[in-house]
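Observations on the model geometry
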Amino acid sequence: MPNFPQNKNFRERPDCAVFLHGFNTNVSNWDTYREQCYQELKNKYRVYISKFDIGRFSESAYVHLKSPQDVQKLRDIDKYKDPKTGEMISRIKLAGGNVIVYPYCKDRNPNAK
């Protein structure tokens, strides 16, 4: 299992982050899938990733980017209105699947207080 280094100087900036949901949890090699998603996000969508925060076999990830412009670039792709929340969200393709780009919220858990 690869060890992805942690940046000790990382500082969270909510204006430079997005929440992604829709990753495939049924893959045989999670580390290869994760790396493919990371590389596609970086190269296909041309954003600078400061931190790709995704747990093993997780449907969701927090992605911290270099600038608010990178956030806007992702948020402007294939936009539509979420029927449940009314939020304007976008959809990107990573590793052959659709992944939804939501605005960043520190805790996206609907059961959180």
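Everything quoted here is computed from the prediction, not taken from an experiment. (Residues numbered from 1 in each chain as written. Predicted model: local features only at pLDDT ≥ 70, side-chain atom pairs only at ≥ 80, totals over all residues. Heavy atoms only, no water.)

Here we take up helix α1 (residues 30-44). The end-to-end C-alpha distance of α1 is 20 Å, a good match for the 21 Å that 15 residues give at a rise of 1.5 Å each. Along α1, the residues that are buried comprise Trp 30, Asp 31, Tyr 33, Arg 34, Cys 37 and Leu 41. For α1, the angular spread of buried residues about the axis comes to 170°, placing them on one side. The inward-facing, buried residues of α1 contact β1 (17-21), β2 (49-54), β3 (60-65), α2 (68-75) and β5 (88-94). (Helix = DSSP H or I, 4+ residues; strand = E, 2+ residues; numbered from the N terminus. Expected span 1.5 Å × (residues − 1). Buried < 20%, exposed > 50% of the residue type's maximum accessible area, 1.4 Å probe, protein only. Arc of directions from axis to C-beta. Contact = heavy atoms within 4.5 Å.)

Further remarks concern the pattern of salt bridges. Summed over all chains, the structure comprises five salt bridges. Two residues, Lys 73 and Asp 70, come together in a salt bridge whose shortest N-O distance is 4.0 Å. With Lys 73 and Asp 70 both in helix α2 and three residues apart, the pair spans about one turn of that helix. With a relative accessible area of 36%, Lys 73 lands in the partly exposed category. We note a salt bridge from Asp 76 to Lys 79, for which the minimum N-O separation is 3.7 Å. (Salt bridge = Lys/Arg side-chain N within 4 Å of Asp/Glu carboxyl O.)

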